[in-house]
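Coordinate analysis (summary)
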Amino acid sequence: MITSSDNAKLKSIRKLQTRRERARTGLFAAEGEDLVAAAEAAGVQAEFVLAGGEDVEQELLDAVSSLGSGTRVMGVFRQRWAQPHGTLRIYLHDVGDPGNVGTVIRSAHALADGNVILGPGCADPYSPKAVRASMGSIFVRPPARAEFAALDGPTVALDMTAKAEVGAIDPGCPLTICVGGEREGLPAEILEGATRRARIPLGADGPNSLNAAMAATVALYDLGHRMARHA
């Protein structure tokens, strides 16, 4: 059992809380029994797994956790990146909140047959917050990285100023839904370059926008449901 904070594995986990270290090593940490079990179910091999009270003293594991309450199990895994694929996928541009990135990965896993494509300015999907928000989907449906200009097939840009609603868009196949950052939305070059623009209708007495994860999930459900129905 590990009884010293100077242990190399504990030091590695601590360093992996920084994006620079994750980029340098190509590794990331997943905290919690559910996430480690999700990796195992997906057939993803861990570099190593530490269980509190078995492999390491619980206090030492808690000390390297990014969770305020600590964790019982932590695994270190190698990052996996895929190519853009599927008849329905989602492109994120400048989505800087890791929780939103992880949630969209989870939503795409549940509602689409394609993956999430990360454009410039997006948060690291392998950061602790994003991995937790993905609820294990990061292991089953690894994200891709690409510029908007490299996307193939029709694209639908979500834009709250668009005249057309998402429900009026002919889904077609394949299709990429484009979602912009939490503050600025999609830049002009993507709005102008997209095949179509559409908005999600909101109630008159409600908020005037949805955050990136909510908007992506609504669009994935609507378009994915109609694509499946007409397949």
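All of the points below concern the structure found in this document. Bear in mind the structure is a predicted one, so any value in this text is a computation, not a measurement.

1. As for helix 3 (residues 33-41)
Within the span of helix 3, buried status applies to Leu 35, Val 36, Ala 38 and Ala 39. Relative to the axis of helix 3, the buried residues are bounded by an arc of 155° and lie together on one face. Exposed and facing more than 90 degrees away from the buried side of helix 3 are Asp 34, Glu 40 and Ala 41. Looking at the packing, one finds that the buried side of helix 3 touches strand 1 (27-31), strand 2 (48-51), strand 3 (73-78), helix 6 (128-134) and helix 7 (137-140). Trailing helix 3 by a residue or two, Gly 43 shows a phi angle of about 80°, which is positive.

2. Things to note about the sheet that holds strand 1
The strand order 1-3-2 describes an open sheet built from three strands, whose pairing is antiparallel. Only two strands of the sheet have a single neighbouring strand rather than two, namely strand 1 and strand 2. Each neighbouring strand pair of the sheet contributes to a mean axis angle of 15°, computed without reference to strand direction. Strand direction decides the pairing type here: strand 1 and strand 3, joined by five bridges, are antiparallel. Paired with Glu 31 across the strands is Met 74, a residue of strand 3. Sitting on the sheet, helix 1 (residues 8-15) touches strand 2 and strand 3, and the angle it makes with strand 2 is about 100°. Along the sheet, helix 3 makes contact with strand 1, strand 2 and strand 3, crossing strand 3 at roughly 40°.

3. Focus: the sheet that holds strand 4 (residues 88-92)
Here we have six strands laid out as an open sheet, ordered 6-5-4-8-7-9, and parallel in their pairing. Among the strands making up the open sheet, the edge pair consists of strand 6 (144-145) and strand 9 (196-198). Across five bridges, the pairing between strand 4 and strand 8 (residues 175-179) is parallel. Looking at the pairing, Leu 88 lines up with Leu 175 of strand 8. The strands that helix 5 (residues 98-111) touches are strand 4 and strand 5 (116-118); relative to strand 4, the one it contacts most, it runs at about 170°.

Calculation rules
- Residues numbered from 1 in each chain as written.
- Predicted model: local features only at pLDDT ≥ 70, side-chain atom pairs only at ≥ 80, totals over all residues.
- Heavy atoms only, no water.
- Buried < 20%, exposed > 50% of the residue type's maximum accessible area, 1.4 Å probe, protein only.
- Helix = DSSP H or I, 4+ residues; strand = E, 2+ residues; numbered from the N terminus.
- Arc of directions from axis to C-beta.
- Contact = heavy atoms within 4.5 Å.
- Pairing = 2+ DSSP bridges.
- Axes fitted to C-alpha atoms, helices over the stretch in contact; angles between N-to-C directions.

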